[in-house]
Structures are given as C-alpha cells and as structure tokens.
Amino acid sequence: MNLAVLISGGGSNLQALIAATAEPGFPARIVCVGADTDAPGLAHAERAGIPTFVIRPGDFRSRDEWGQMLAAAIQEHGVGTGPNPGLVVSAGLMRILPEGFVGAFSPELINTHPALLPSFPGAHAVRDALAAGASETGVTVHIIDEGVDTGPVLRQAVVEIREGESEDQLHERIKEVERPLLVATVREIAEGSLDLAAVAAGRTGAD
Ligand code: GRF
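The model shown is predicted, which means the values in this text are computed figures rather than measured ones.

## Let's talk about the pairing of strand β5 (residues 109-113)
The buried fraction of β5 amounts to five of the five residues, a majority that puts the element mostly inside the structure. Burial along β5 is two-sided: the face carrying Leu-109, Asn-111 and His-113 and the face carrying Ile-110 and Thr-112 are both buried. One ladder, built from three bridges, connects strand β4 (residues 87-90) with β5; its direction is parallel. From the neighbouring strand, Ser-90 faces β5, where its bridge partner is Asn-111. Remark: the β4/helix α4 (residues 99-105)/β5 crossover connection has right-handed handedness. Two strands pair when backbone bridges link them, and β5 and strand β6 (residues 136-143) are joined in this way by four bridges, in the antiparallel orientation. Bridge pairing in β6 links Thr-112 to Val-141.

The structure is reproduced here in structure tokens:
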C-alpha cells in the first residue's frame, strides 16, 4: 500500500514509519512526505530518499485552494487515485484539512492525536489534559472527517499522567506510545485486517 505522510514539526512519528516501512515484508511504503512549512522532520524523508514537498497555506488565497494544491501534490505520487488509493497519514500536521481535501481522501485519511478522543481535541491536547487535572490521557489514531478530531476512532492507548510533570515531559511519554501505535495501525490497514470503509460506515472492521 502506498502512503503519503503529512507533517509540520520534528517528524518522530514519520521517522518511526520510515523505519518500519523499510523492514522487509512491511505491507506499505512511503511514496511522499508533505508539509505545510519547512518542517525539520522533512530531513528524515530526504535522508531516506523519499520525495518531499512543502505547500504553505500563506501562498494561497484560501484554505480551500491550499487543500486543492496539497491534494494534487499527493495524487501526483499515486495516492488517492485509481483502484489502489493507498493512505494519507497526518502525523503531526498542525493544520485542519479543508473539506474538499477530506472529501477527496477520507476514509483513506488518518490522523494521530495525543489524547484519548473525544477528550481533549484540538491543537493543545497535552496542555488541556494537564490543565483539566486528568489522571490519564493517551493517543488516538482516527479517520479524519470534516470535524476537528471527530472522526471514527481506530486505535487508542492510555498513558498515565504523573504528578508534577510538564507538558513537554508528558508529550514525550505520549509520543513513545504514539509511534508504535501509529505503525501498528498502518500495518493493520495495509494488511486489510482493519477496514477503513467499514469503520467509516459504522460497521465492524475496527476489530
Ligand atoms: C504528535 O504527538 C502528534 O500527535 C501531534 O504532534 C506530535 C508530532 O510529533 N499532533 P512528531 O513531529 O511526530 O515528533
């Protein structure tokens, strides 16, 4: 299965996917990595010889136009087209994808989020969990729909919150759980044991 990965930051989830997909027998490969900014994580893809592109929202008149250009760049690499559309993985892309983009790819469009959705959606999930005094948080890998972190949940993992830890410390511990969960979920999708269309339609498929 062909994967397009979208990032905004350091790309440690991307790096985990690069390492996993380089293993013989892994049922997916990354065909391109896109970003909305000069993300430091693009260097992981460049080192691995994976094509990259940067498409900045500020270069367009509207979010919709940005989404169209992003979609076109991904489709140029063969993801989202034809009988084997592959999968788009938002792995730390810190942007809400426009409706047209979601319509073009979903349900073959997933995101990883550093909280146990539906708790703590949005861009400050780790901070919000700490501020709420929660005793646990975690990671959710989900299908992206038109809402903000509202799409059907695929897989989750719990992380206990430690007394007195900072946002950065907690986020790092969440990411240690997040990377293998994302890799395992992508593997299940690529193998066909997790059926995105069935989950999106509210049928079984998540197990
Ligand atoms: C991840 O925790 C992701 O869920 C969140 O941003 C972080 C990205 O980390 N949206 P990295 O760039 O993959 O290291």
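## Describing the layout of surface pockets
Put simply, the largest pocket is a space of about 790 Å³. In terms of lining residues, the largest pocket is bounded by 36 residues, among which Gly-92, Leu-93, Met-94, Thr-112 and Pro-114 are the most central. Counting only elements with at least two residues in the lining of the largest pocket, the list comes to α1 (12-21), β5, α5 (125-131) and α6 (167-191). Class assignment of the residues belonging to the lining of the largest pocket gives a composition of 12 nonpolar, 17 polar and seven charged. Here the second largest pocket is characterised by a volume of approximately 170 Å³. If you go around the second largest pocket, you meet 13 residues; those closest to its centre are Met-1, Gly-86, Glu-108, Ile-189 and Leu-196. Here the lining of the second largest pocket is built from residues that sort into seven nonpolar, four polar and two charged.

## Topic: the sheet that holds β5
Judged by pairing direction, the sheet is mixed, and its seven strands sit side by side in the order β3-β2-β1-β4-β5-β6-β7 without closing on themselves. Bordering the open sheet on either side are β3 (52-54) and β7 (153-160), each of which pairs with just one other strand. Pairs of neighbouring strands in the sheet enclose a mean axial angle of 20°, with direction left out of account. Sheet topology places β6 next to β7; seven bridges connect them, and they run antiparallel. Of the residues in β7, the one forming a bridge with His-142 is Val-153.

## What about the packing of aromatic side chains?
Taken as a whole and assessed by the stated rule, the structure comprises one aromatic pair. Centre to centre, the rings of Phe-101 and Phe-105 are 4.7 Å apart; their planes meet at 40°, and the pair counts as tilted. Of this pair, Phe-101 and Phe-105 both sit in helix α4, four residues apart, which is roughly one turn of that helix. Taken individually, Phe-101 and Phe-105 each receive the classification buried, so the pair is uniform in this respect.

## A look at unusual backbone geometry
Here the bond from Ser-106 into Pro-107 is cis, since omega is 10°, no more than 30 degrees from zero. With respect to the helices and strands, the residue Pro-107 is situated in the loop between α4 and β5. Here the bond from Leu-117 into Pro-118 is cis, since omega is 15°, no more than 30 degrees from zero. Residue position: Pro-118 is located in the loop between β5 and α5.

## Brief notes about the site of the ligand
The immediate surroundings of the ligand are formed by Gly-10, Gly-11, Ser-12, Asn-13, Gly-92, Met-94, Thr-112, His-113, Pro-114, His-171, Lys-175 and Glu-178. One of the backbone N or O atoms of Gly-11 is found 2.8 Å from an oxygen atom in the ligand. In this structure, Glu-178 approaches the ligand through a side-chain N or O atom, which is 2.4 Å from an oxygen atom. About the coverage of the ligand: the protein hides 90% of its 370 Å² of free accessible area. Residue assignment for the shell around the ligand shows that the elements contributing at least two residues are α1, β5 and α6. Per element, the largest residue contribution to the shell around the ligand is three residues, and it comes from α6. Tallied by class, residues from the shell around the ligand come to two nonpolar, eight polar and two charged.

What counts, and where the lines are drawn
- Residues numbered from 1 in each chain as written.
- Predicted model: local features only at pLDDT ≥ 70, side-chain atom pairs only at ≥ 80, totals over all residues.
- Heavy atoms only, no water.
- Buried < 20%, exposed > 50% of the residue type's maximum accessible area, 1.4 Å probe, protein only.
- Helix = DSSP H or I, 4+ residues; strand = E, 2+ residues; numbered from the N terminus.
- Pairing = 2+ DSSP bridges.
- Right-handed = clockwise from strand over helix to strand, strands pointing away.
- 1 Å grid on protein atoms, 1.4 Å probe; cavity = no way out; pocket = protein on both sides within 12 Å on 5 of 7 lines; lining within 4 Å.
- Points joined across faces, edges and corners; volume = space filled by probe spheres on them.
- Nonpolar A, V, L, I, M, F, W, Y, C, P; charged D, E, K, R; others polar.
- Axes fitted to C-alpha atoms, helices over the stretch in contact; angles between N-to-C directions.
- Phe/Tyr/Trp six-rings, centres within 6.5 Å; stacked < 30°, edge-to-face > 60°.
- Near = heavy atom within 4 Å.
- Polar contact = N/O pair within 3.5 Å; in protein donor to acceptor, adjacent residues only side chain to side chain.
- Areas by Shrake-Rupley, 256 points an atom, 1.4 Å probe, with all protein chains shown as cover.

None of the figures reported here should be taken as evidence of function without further support.
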